[in-house]
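Here's the letter readout for the chains.
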Amino acid sequence: MNVAKQFIIACIFILAFAKGIAQQSKKDATLAGVYLTHADFKAGKLTYDIDCIKEKQKIKLHDFFAKPYIDVYYRGEKHTLQKKDVYGYRDCKSNVFRFFENEEYQLAESGPLHIYFLQESAPYGKSFKWINIYYFSASPQGKIILLNKENLKLAFPDNHKFHDSLDEMFKSADISEFDTFHKMFKVNHLYQMAIK
């Protein structure tokens, strides 16, 4: 094969490879935006969505003053949304947050039980460190409450198999422990087993 043919074949491979990379990066672009409803979250439908590779997400949560609304800046316009009327949002790091009672909880797992967390500061020696405080909701749109055995039992009062599993598994273990084998929080695995 002569040098010209080798050069042409190499160019074709390079162009095909470059096109594949361009399509892949476009397909994998990180999207962020607002989920107006749980149905939108479930369907992956974002409102005021942006491509984080091309632009910066601009959502003001107003947490410091505990305001009941957020401001979303989208295509040069400001949109004010009441937190009580919005399910949540997705940020440019693919983190999902759900609004509940004027607070945004980060979704840790969307399973049979939805597991959330808030970061809070706790004393650590002479300073502080950030720790995750875990919460759950018994249904995707349900009330978000502290993740502990008592609250789980209250959320499912008639599921005695689940109650017994909780008592057995979490005698000394942390209830927010992640099950690396089943790739889910242990409480979600126990709940799945208890409803079978």
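Everything below is about the structure printed above this text.
We now turn to the structure provided with this report. (Residues numbered from 1 in each chain as written. Predicted model: local features only at pLDDT ≥ 70, side-chain atom pairs only at ≥ 80, totals over all residues. Heavy atoms only, no water.)

### Describing the environment of Lys-83
At step 1: In this structure, Lys-83 sits in the loop between strand E5 (77–82) and strand E6 (88–90).
At step 2: In this structure the C-alpha to C-alpha distance between Lys-83 and Ile-70, which are 13 residues apart in sequence, comes to 6.5 Å.
At step 3: Once residues lying within four places of it in the same chain are set aside, the contact partners of Lys-83 are Leu-61, His-62, Asp-63, Lys-67, Pro-68, Tyr-69, Ile-70, Phe-99, Asn-102 and Glu-104.
At step 4: At 3.5 Å, the side chain of Lys-83 and the side chain of Asp-63 are in polar contact.
At step 5: Separated by 3.2 Å, the side chain of Lys-83 and the backbone oxygen of Lys-67 make a polar contact. (Helix = DSSP H or I, 4+ residues; strand = E, 2+ residues; numbered from the N terminus. Contact = heavy atoms within 4.5 Å. Polar contact = N/O pair within 3.5 Å; in protein donor to acceptor, adjacent residues only side chain to side chain.)

### Some remarks on empty space enclosed by the protein
At step 1: Under the defined criterion, the tally for this structure stands at one cavity of 30 Å³ or more.
At step 2: What the largest cavity holds in volume is close to 50 Å³.
At step 3: Lining the largest cavity are Gly-33, Val-34, Tyr-48, Ile-50, Lys-56, Gln-57, Lys-58, Ile-59, Val-72, Tyr-73 and Tyr-74.
At step 4: Contributing elements (two or more residues each) for the lining of the largest cavity: strand E1 (31–35), strand E2 (47–51) and strand E4 (69–74).
At step 5: Residue contributions to the lining of the largest cavity peak at three residues, all from E4.
At step 6: Looking at the lining of the largest cavity, its residues break down into seven nonpolar, two polar and two charged. (1 Å grid on protein atoms, 1.4 Å probe; cavity = no way out; pocket = protein on both sides within 12 Å on 5 of 7 lines; lining within 4 Å. Points joined across faces, edges and corners; volume = space filled by probe spheres on them. Nonpolar A, V, L, I, M, F, W, Y, C, P; charged D, E, K, R; others polar.)

### What to know about the pattern of salt bridges
Oppositely charged side chains can form a pair if their charged atoms are brought close together.
At step 1: Going through the model one piece at a time under the given rule, you end up with seven salt bridges.
At step 2: Of the charged contacts, one joins Lys-83 and Asp-63 as a salt bridge, the two residues approaching to 3.5 Å between their closest N and O atoms. Of this pair, Lys-83 sits in the loop between E5 and E6 while Asp-63 sits in the loop between strand E3 (59–60) and E4; the two residues are 20 residues apart in sequence, bridging distant segments of the chain.
At step 3: A salt bridge links Lys-84 to Asp-85, with the nearest nitrogen and oxygen atoms 3.3 Å apart.
At step 4: On the accessibility criterion, Lys-84 (70% relative accessible area) is exposed. (Salt bridge = Lys/Arg side-chain N within 4 Å of Asp/Glu carboxyl O. Buried < 20%, exposed > 50% of the residue type's maximum accessible area, 1.4 Å probe, protein only.)

Remember, this is a structural readout, not a statement about activity or role.
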